[in-house]
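Observations on the three-dimensional arrangement
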Amino acid sequence: MSNWPDWFQEALRQRFYQLELTSEQQASCSSEDEHLFTQMNQFKMNQNEDIQHLLSQWEEAIGYQISQHKQSIYMEGVKDGIRLILPVIQPTVTR
């Protein structure tokens, strides 16, 4: 990476540190998530079929919302990458 300008290298480092911190925070929640998932399954199994069906629909809706959120985060990362790399590739292009 020695051919890249210092500002670009620093921008990449800062973005990496930010993503690493977010990843660590999410990893610390994974055991809590697993526990909640287990509890939810136990709760669901103790309900009648209608309630189980409603809970399954609710889980599906929540899962869809989470996937949409993750997709938007991914797209922000792509946009960040474009904003960082475009001035280097085409320095005459203005934003």
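Whatever comes next refers back to the structure up there.
1. A short note on the pattern of salt bridges
If the charged atoms of two oppositely charged side chains come close together, the side chains can form a pair. Under the defined criterion, the tally for this structure stands at 5 salt bridges. Notably, a salt bridge pairs Glu-76 with Lys-79, separated by 3.5 Å at the nearest N-O pair. Of this pair, Glu-76 and Lys-79 both sit in helix 2 (residues 49-89), 3 residues apart, which is roughly one turn of that helix. For Glu-76, a relative accessible area of 37% gives the class partly exposed.

2. Thoughts on the layout of surface pockets
As a volume, the largest pocket reaches approximately 600 Å³. Of all the elements in the fold, those that place two or more residues in the lining of the largest pocket are helix 1 (6-45) and helix 2. Partitioned by chemical class, the residues of the lining of the largest pocket number 8 nonpolar, 4 polar and 5 charged.

3. What about the side chain of Lys-44?
Position of Lys-44 among the secondary structure elements: in helix 1. According to the relative accessible area criterion, Lys-44 is buried, its value standing at 9%. In contact with Lys-44, other than residues within four places in its own chain, are Gln-52, Leu-55, Ser-56 and Glu-59.

Rules used throughout
- Residues numbered from 1 in each chain as written.
- Predicted model: local features only at pLDDT ≥ 70, side-chain atom pairs only at ≥ 80, totals over all residues.
- Heavy atoms only, no water.
- Salt bridge = Lys/Arg side-chain N within 4 Å of Asp/Glu carboxyl O.
- Helix = DSSP H or I, 4+ residues; strand = E, 2+ residues; numbered from the N terminus.
- Buried < 20%, exposed > 50% of the residue type's maximum accessible area, 1.4 Å probe, protein only.
- 1 Å grid on protein atoms, 1.4 Å probe; cavity = no way out; pocket = protein on both sides within 12 Å on 5 of 7 lines; lining within 4 Å.
- Points joined across faces, edges and corners; volume = space filled by probe spheres on them.
- Nonpolar A, V, L, I, M, F, W, Y, C, P; charged D, E, K, R; others polar.
- Contact = heavy atoms within 4.5 Å.

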